[in-house]
Amino acid sequence: MSEQVKIEPKINHKWLIQLKKEFESPYFADLKNFLLQEKKEHQIFPPGNLIFNAFELTPFDEVKVVLLGQDPYHNFHQAHGLCFSVPDDVALPKSLINIFKELSTDLNIDPPCSGNLEFWAKQGVFLLNAILTVRAHEASSHQNKGWETFTDAVIRSISDNKENVVFLLWGNYAQAKKPLIDANKHCILTAPHPSPLSASRGFFGCRHFSKTNQYLRQTGQTEIRWTRE
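1. A word on the overall build of the protein chain
A count of helical and extended segments in the protein chain gives eight helices and six strands. Reported as C-alpha extents along the three principal axes, the dimensions of the protein chain are approximately 55 × 35 × 30 Å. Counting every position in the protein chain, which comprises 229 residues, the buried fraction comes to 56%. Total accessible area on the protein chain stands at roughly 11000 Å², and carbon and sulfur atoms take up 48% of it. Separation between the mean location of the 25 positive side-chain charges and that of the 25 negative ones in the protein chain comes to 2 Å.

2. A short note on the nonpolar core
Here is a general trend for soluble globular proteins: nonpolar side chains tend to be buried in one another's company. By size, the foremost hydrophobic cluster in this structure holds 67 residues, and its most contacted members are Phe55, Trp120 and Phe150. In this view, phenylalanine 55 contacts Ile11, Asn12, Trp15, Leu19, Phe126, Leu128, Leu132, Phe150 and Val154; residues no more than four positions away in its chain are not counted.

3. Quick notes on the packing of aromatic side chains
Counting across every chain of the model gives 24 aromatic pairs. Ring geometry for phenylalanine 52 versus tryptophan 147: centroids 6.0 Å apart, planes at 70°, classification edge-to-face. One end of the pair, phenylalanine 52, is in the loop between strand E1 (44-45) and helix H3 (53-57); the other, tryptophan 147, is in helix H6 (residues 147-161), with 95 residues separating them in the sequence. With relative accessibility at 2%, the residue tryptophan 147 sits in the buried group. On the numbers, 5.1 Å between centres and 80° between planes, the contact of phenylalanine 55 with phenylalanine 126 is edge-to-face. Highlighted residues: phenylalanine 55 in helix H3 and phenylalanine 126 in strand E3 (residues 125-129), separated in sequence by 71 residues.

4. Focus: the packing of helix H2 (residues 26-41) against H6
The interhelical angle for the contact between H2 and H6, taken along N-to-C directions, is 130°, at an axis separation of 9 Å. Viewed along their axes, H2 and H6 adopt a mutual orientation that is oblique. The handedness of the crossing between H2 and H6 is left-handed. Together, Tyr27, Phe28, Leu31 and Leu35 of H2 and Trp147, Thr149 and Phe150 of H6 make up the contact between the two elements. Considering only residue class, the contact of H2 with H6 consists of six nonpolar, one polar and no charged.

5. Details of H6
Compared with the 21 Å implied by 1.5 Å per residue over 15 residues, the 21 Å span of H6 between its first and last C-alpha is a close match. Where burial is concerned, most of H6 is hidden: eleven out of the 15 residues are buried. Looking at H6, one finds that the buried residues are Trp147, Glu148, Phe150, Thr151, Asp152, Ala153, Val154, Ile155, Ser157, Ile158 and Ser159.

6. Overview of the side chain of lysine 162
With respect to the helices and strands, lysine 162 occurs in the loop between H6 and strand E5 (166-170). Polar side-chain contacts of lysine 162 include one of 3.2 Å to the backbone oxygen of phenylalanine 60. What lysine 162 contacts, discounting residues up to four positions off in sequence, is Phe60, Asp61, Glu62, Val63, Ser157, Lys185 and His186.

7. A word on unusual backbone geometry
In this structure, proline 46 follows phenylalanine 45 across a cis peptide bond, with omega equal to -10°. If you trace the backbone, proline 46 turns up in the loop between E1 and H3. Positive phi, close to 60°, is recorded for asparagine 144, a residue that is not glycine. A relative accessible area of 64% places asparagine 144 in the exposed class.

Each value, and the rule that gives it
- Residues numbered from 1 in each chain as written.
- Predicted model: local features only at pLDDT ≥ 70, side-chain atom pairs only at ≥ 80, totals over all residues.
- Heavy atoms only, no water.
- Helix = DSSP H or I, 4+ residues; strand = E, 2+ residues; numbered from the N terminus.
- Buried < 20%, exposed > 50% of the residue type's maximum accessible area, 1.4 Å probe, protein only.
- Areas by Shrake-Rupley, 256 points an atom, 1.4 Å probe, with all protein chains shown as cover.
- Lys, Arg positive; Asp, Glu negative; His and termini not counted.
- Charge placed at Lys NZ, Arg CZ, Asp CG, Glu CD.
- Core = buried A, V, L, I, M, F, W, Y, C linked by side-chain atoms within 4.5 Å.
- Contact = heavy atoms within 4.5 Å.
- Phe/Tyr/Trp six-rings, centres within 6.5 Å; stacked < 30°, edge-to-face > 60°.
- Axes fitted to C-alpha atoms, helices over the stretch in contact; angles between N-to-C directions.
- Parallel < 35°, antiparallel > 145°, perpendicular 65-115°, else oblique.
- Left-handed = near helix turned anticlockwise from the far one by under 90°.
- Nonpolar A, V, L, I, M, F, W, Y, C, P; charged D, E, K, R; others polar.
- Expected span 1.5 Å × (residues − 1).
- Polar contact = N/O pair within 3.5 Å; in protein donor to acceptor, adjacent residues only side chain to side chain.

All quantities given are derived from atomic positions and should not be read as evidence of function.
Right under this line is the structure:
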């Protein structure tokens, strides 16, 4: 176990306040050391300056919706620190195609042309992967290295210190985080994962986009504009 050190990554200052104890914990020092070693031997995604991109684009006090993914895309040019999202001009992954299909059906709108979900993040949709890094072409390669401890603390912080947040938990992995969330203070929406293997088992037709906006309206919050005008 590493000695306790102070680590302050480039992250929005509101998040730094919330997560100070995590950054000063021995497990986070171990995680940083692991990542430094990995970078010497492997290609890691996303690029270092985008690992905390979700936190930069959605400051703590602006979080209205939490969408939880598992780990970043592991092919070149895909991962940019936002779950399910890819940069402009990158082909849409199959899960994102299905997300856009459900969005289009639910709200009777044309789906976005780009898979870049930054415009969601800037409206308060916190696009959090449970694991924030991955080795190139090796899915889940950074599992059980400390990221899950960190992101569990992120979820608990949102649950404990905010009210009326919508949590979108798609698939068994995301739904396993449900005990971290106070259902008396927040709205939890669950559905199968949007991957081609499970989307037809209940993701299609879940109507989570309209249900999210309905809840935001009922709690006096601004709705999410799910597609670019």
